[in-house]
Amino acid sequence: MARYLIGRLLGLVTVLLITSFLVFSAVHLAPGDPVSFLLKGHPVSPETKAAIRAQYHLDDPFFTQYLKWVGNVLHGDFGRSVQFRHDVGSLIGSRLPSTALLIGYSAVLVCLGGVLAGILAALRPGVVDRMVLVCTGVATATPPFVSAIVLVSLFSVQLGWFPGPGAAGTGFVDRLYHLTLPAFALAVTLAGLLARVTRSSMLDELRREHVEVARSRGVAEGTVVRRHVLRNALGPIVTVGGTMLAGLLVSTSIVETAFNVSGIGSLLVQSVTVKDFPVVQAITLITVAAFVLVNLVVDLLAPLIDPRLTLTRRGAS
């Protein structure tokens, strides 16, 4: 296990290095000039432009800029935002709580809604199963921005149950209330996918011989489902669900922009538009690191949930 963990951590470092280089290259090769945004069309002397470029090291060779940026990141310095003229680390830190709360809220909705719907479909064949399949099919085919439009039109504009885009709220409970529609918009697609995975995994376990043996011995159906079906079905559910939850990090930019939530997702969209490359590089690197770490945690938890994975791994070694 220690060797496996060290190998995964080394892989994490490699992925982050490759990602940092690709992101740095893409941002600097994109058309447009950050100096033009800073000047906002105001005529200035060539000396002023040269001073601005020197301040942000824009005239240094590409690899010099990259190595300098990586060295600063290792010391916790992500640079200075071109758009906001503030330290990137503090700028991201001020918006991170909103994004973290939105992702946590959405993760709860995905896990509860997806797993419960999948279990219900597997245990109730016929009309209930078909209804769940239809609903999850619609959910998986609905992009987050479409869900956002529908939710705002119905629950905010027509019914007035929830505030519209741009509202923030004060206090934990009030913030959850204001983030309800964004959280649902973010969770709809992944909840549908997780429901289908749960249903498939449950049906596979329901067909196992040990389930038939337990039923033939008169074991209560609830006990059979809980101990012999759901417990063994959790392995694929947790593995796929963990990957889906990591995908929430990517979808936040769409939902936060649609609902005008002041998080790092909307900050990323704004920064890409104006080519604020220090912010783009920092958010992308943090997102990739979080994505890989979530997958690592899921891989470590999978053998604990399903011991058969450990035995298989030992047998293969």
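The structure this text deals with has already been given above.
Every residue gets a number counted from 1 within its own chain, in the order that chain's sequence is written. At least 70 in pLDDT is required for a residue's local features to be given in this predicted model, at least 80 for side-chain atom pairs to be given and counted, and no such filter applies to totals for whole chains, interfaces and linings, which use all residues. No hydrogens and no water enter the side-chain calculation; it runs on all heavy atoms of the structure.

**Student:** Sorry, what's going on with the packing of helix H11 (residues 221-259) against helix H12 (residues 264-274) here?
**Tutor:** For any two helices packed against each other, the geometry comes down to the angle between their axes and how far apart the axes lie. Orientation is described by axes fitted as lines to C-alpha atoms, over the contacting stretch for helices, and by angles from 0 to 180 degrees between their N-to-C directions. Under the DSSP-based scheme used, a helix requires at least four consecutive residues in state H or I and a strand at least two consecutive residues in state E, with every element numbered from the N terminus. It is at 7 Å that the axes of H11 and H12 come closest, and there the two elements cross at 90 degrees. On the basis of their axis angle, the class for H11 and H12 is roughly perpendicular. On H12, the residues that touch Thr252, Ser253, Glu256 and Thr257 of H11 are Ile264, Gly265, Ser266 and Val269. Charged residues are taken to be Asp, Glu, Lys and Arg, nonpolar residues to be Ala, Val, Leu, Ile, Met, Phe, Trp, Tyr, Cys and Pro, and polar residues to be all remaining types, Gly included. Along the lines of polarity and charge, the residues of the contact of H11 with H12 split into 2 nonpolar, 5 polar and 1 charged. Relative orientations are named as follows: roughly parallel for angles under 35 degrees, roughly antiparallel for angles over 145 degrees, roughly perpendicular for angles from 65 to 115 degrees, and oblique for any other angle. Any pair of residues with heavy atoms lying within 4.5 Å of one another is described as a contacting pair.

**Student:** Sorry, what's going on with the packing of aromatic side chains here?
**Tutor:** Here the distance between the centres and the angle between the planes together describe a pair of aromatic rings. By convention, a stacked pair of Phe, Tyr or Trp rings (six-membered ring in the case of Trp) has centres within 6.5 Å and planes under 30 degrees apart, an edge-to-face pair has planes over 60 apart, and any other such pair is tilted. Counted according to the given criterion, the structure contains 4 aromatic pairs. Seen from their ring centres, phenylalanine 21 and phenylalanine 63 are 6.1 Å apart, and the 20 degrees between their planes marks the pair as stacked. Of this pair, phenylalanine 21 sits in helix H1 (residues 2-29) while phenylalanine 63 sits in helix H4 (residues 62-74); the two residues are 42 residues apart in sequence, bridging distant segments of the chain. Remark: exposure states derive from per-residue accessible area (1.4 Å probe, protein chains only) relative to the maximum for the residue type, with buried under 20%, exposed over 50%, and partly exposed in between. By relative accessible area, which is 29% here, phenylalanine 21 ends up partly exposed. A relative accessible area of 53% places phenylalanine 63 in the exposed class. With 5.3 Å between their ring centres and 90 degrees between their planes, phenylalanine 21 and tyrosine 66 make a pair best called edge-to-face.

**Student:** I tried to follow helix H6 (residues 127-140) on my own but got confused; where do I start?
**Tutor:** An α-helical turn contains 3.6 residues, so any two residues separated by three or four positions project in the same direction. Taking 1.5 Å of rise per residue, 14 residues should cover 20 Å, and H6 covers 20 Å from first to last C-alpha, within 8% of that figure. If you check which residues of H6 are buried, you get Asp129, Val132, Thr136 and Ala139. With its buried residues spanning 90 degrees around the axis, H6 presents them on a single face. Turned more than 90 degrees off the buried face of H6, the exposed positions are Val127, Arg130, Met131, Val134 and Val138. What a helix is expected to span follows from its residue count: subtract one and scale by 1.5 Å. Regarding the arc, it is the one traced by the directions from the helix axis to the C-beta atoms.

**Student:** I'm lost on the nonpolar core in this one. Help?
**Tutor:** Considering soluble globular proteins, one finds that nonpolar side chains tend to be buried as a cluster. Only buried residues count toward a nonpolar core. Its members are Ala, Val, Leu, Ile, Met, Phe, Trp, Tyr and Cys residues joined through side-chain atoms within 4.5 Å. In terms of nonpolar packing, the biggest core is built from 33 residues, with Ala185, Met202, Val229, Leu248 and Phe259 touching the most fellow members. Counting residues per element, the ones that place at least two in this core are helix H5 (88-123), helix H7 (144-158), helix H9 (180-206), helix H10 (209-216) and H11. Examining the composition of this core, we find that 10 residues originate from one element, H9, more than from any other. When sequence neighbours within four positions are dropped, the list of residues in contact with valine 229 reads Met202, Glu205, Leu206, Val211 and Val224. Ranked by size, the runner-up nonpolar core spans 15 residues in total, among them Phe24, Phe78, Val88 and Ile92.

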